[in-house]
Amino acid sequence: MHDVVNDSKGRALVAEIAVKDYDIQFFNWLFENEPSSILSKDDRGRTLAHIAVEQFSDLYVLKHLFSEAPGLIRGKDFEGRTLAHIAVEKGHQRVLEWLLKKEANLIYSVDNQSRTLAHVAVAEEHEHILELLLRKRLGLIHQVDSEGRTLVHTALEKGSKYTLNPLSKIAAEYDDTNLLALLLKKEPSLAYGVDSKGR
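Residues numbered from 1 in each chain as written. Predicted model: local features only at pLDDT ≥ 70, side-chain atom pairs only at ≥ 80, totals over all residues. Heavy atoms only, no water.

A. Spatial organisation of the overall build of the protein. From N to C terminus, the protein includes 11 helices and 0 strands. Secondary structure elements in the protein, listed N-terminal to C-terminal, are α-α-α-α-α-α-α-α-α-α-α. Once local pairs closer than 6 in sequence are excluded, the contacts in the protein between residues at least 24 apart make up 66%. Carbon and sulfur atoms make up 48% of the accessible area of the protein, which amounts to about 10,100 Å² in all. (Helix = DSSP H or I, 4+ residues; strand = E, 2+ residues; numbered from the N terminus. Contact = heavy atoms within 4.5 Å. Areas by Shrake-Rupley, 256 points an atom, 1.4 Å probe, with all protein chains shown as cover.)

Laid out in structure tokens, this is it:
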């Protein structure tokens, strides 16, 4: 087995396969015998932690990785995406909550296009994650990406009630009349409290 992992690319590939296949025995062997594989990156700049978040909503591999290399939690891939961006993109809310508990500053993360975690939640139509993020940091509502779009712009472009509803709910709760007026102007049905299931 040692011949397979004799260089950094080989270690990265073998470690990635261990994570993707959820081969815990092999994964543990790598940690003991090839510890540098923990920090290796693939051709997209992803660490094993990025791949684990993409592949699973389970925390076992992440907890193991962070016990060996706690700094992985702040790592970004070549697109500037943190582990939290990927958890949001994949809809892994439990992983996101765990990451934010371990590293609260991840909520301020932006990728290379200045997209916040909330921008990703809107783009992927993950309404529960969006609501979670906005409850933790309301200011995300007004943050703009590199193209000058706020969450509202992105939600209106998508035309998705899955993300417009949480935005209008939060705007109403926090008495953000400007945001609420904009949302109602663009999507009048929000005034009737229609939820994501059309109720």
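B. Inspection of the side chain of T150 at higher detail. With respect to the helices, strands and loops of the structure, T150 is situated in the loop between α8 (127–136) and α9 (151–158). Non-local contacts of T150, meaning those with residues more than four positions away in its chain, are made with H119, I141, H142, Q143 and V144.

C. How the structure looks around the packing of helix α3 (residues 48–55) against helix α4 (residues 60–68). Packing of α3 against α4 leaves a shortest axis separation of 9 Å and a crossing angle of 165°. Taken as axis vectors, α3 and α4 run roughly antiparallel relative to one another. Regarding α3 and α4, the two cross each other, and that crossing is left-handed. From α3, L48, A49, A52 and V53 reach across to α4, where they touch V61, L62, L65 and F66. (Axes fitted to C-alpha atoms, helices over the stretch in contact; angles between N-to-C directions. Parallel < 35°, antiparallel > 145°, perpendicular 65-115°, else oblique. Left-handed = near helix turned anticlockwise from the far one by under 90°.)

D. The pattern of salt bridges, seen in detail. Throughout the structure, instances matching the rule amount to 12 salt bridges. In this structure, R115 and D111 form a salt bridge, with 2.6 Å as the shortest nitrogen-oxygen distance. D111 sits in the buried class, given a relative accessible area of 5%. Residues participating in the shared-partner salt-bridge network are D42, R46, E54, D77, E79, R81 and E89. (Salt bridge = Lys/Arg side-chain N within 4 Å of Asp/Glu carboxyl O. Buried < 20%, exposed > 50% of the residue type's maximum accessible area, 1.4 Å probe, protein only.)

E. A look at the nonpolar core. Counting residues in each nonpolar core, the largest one holds 45 residues, and the members touching the most others are L62, L65, F66, L96, L99 and L133. Beyond its immediate stretch of four places on either side in the chain, L62 contacts A49, A52, V53, V95 and W98. (Core = buried A, V, L, I, M, F, W, Y, C linked by side-chain atoms within 4.5 Å.)

F. How the structure looks around unusual backbone geometry. Positive phi, close to 60°, is recorded for S114, a residue that is not glycine. Of note, S114 is situated in the loop between α6 (93–102) and α7 (117–123). In this structure, E125 takes a positive phi of about 60° despite not being glycine. Its place among the elements puts E125 in the loop between α7 and α8.

G. Highlighting the packing of aromatic side chains. Inspection of the entire model under this criterion finds 1 aromatic pair. Ring geometry for F66 versus W98: centroids 5.5 Å apart, planes at 10°, classification stacked. Of this pair, F66 sits in helix α4 while W98 is found in helix α6, placing the two residues 32 residues apart along the sequence. Accessibility expressed as a relative area gives 7% for F66, which makes it buried. (Phe/Tyr/Trp six-rings, centres within 6.5 Å; stacked < 30°, edge-to-face > 60°.)

H. Geometry of α8. Most of α8 sits out of view: 7 of its 10 residues are buried. Those residues of α8 that sit buried are E127, I129, L130, E131, L132, L133 and L134. Those residues of α8 that are buried lie in contact with α5 (83–90), α6, α7, α9 and α10 (161–173).

I. Spatial organisation of the side chain of D42. Within the secondary structure layout, D42 lies in the loop between α2 (24–33) and α3. By relative accessible area, D42 is classed as buried at 13%. In terms of polar contacts, D42 uses its side chain to reach the backbone amide nitrogen of R44, at 2.9 Å. (Polar contact = N/O pair within 3.5 Å; in protein donor to acceptor, adjacent residues only side chain to side chain.)

J. Region of the structure containing the environment of I107. Tracing the sequence through the fold places I107 in the loop between α6 and α7. Sequence separation between I107 and R137 is 30 residues; the distance between their C-alpha atoms is 7.6 Å. Those residues in contact with I107, other than ones at most four positions away along the chain, are L100, L117, L133, K136, R137 and L140.

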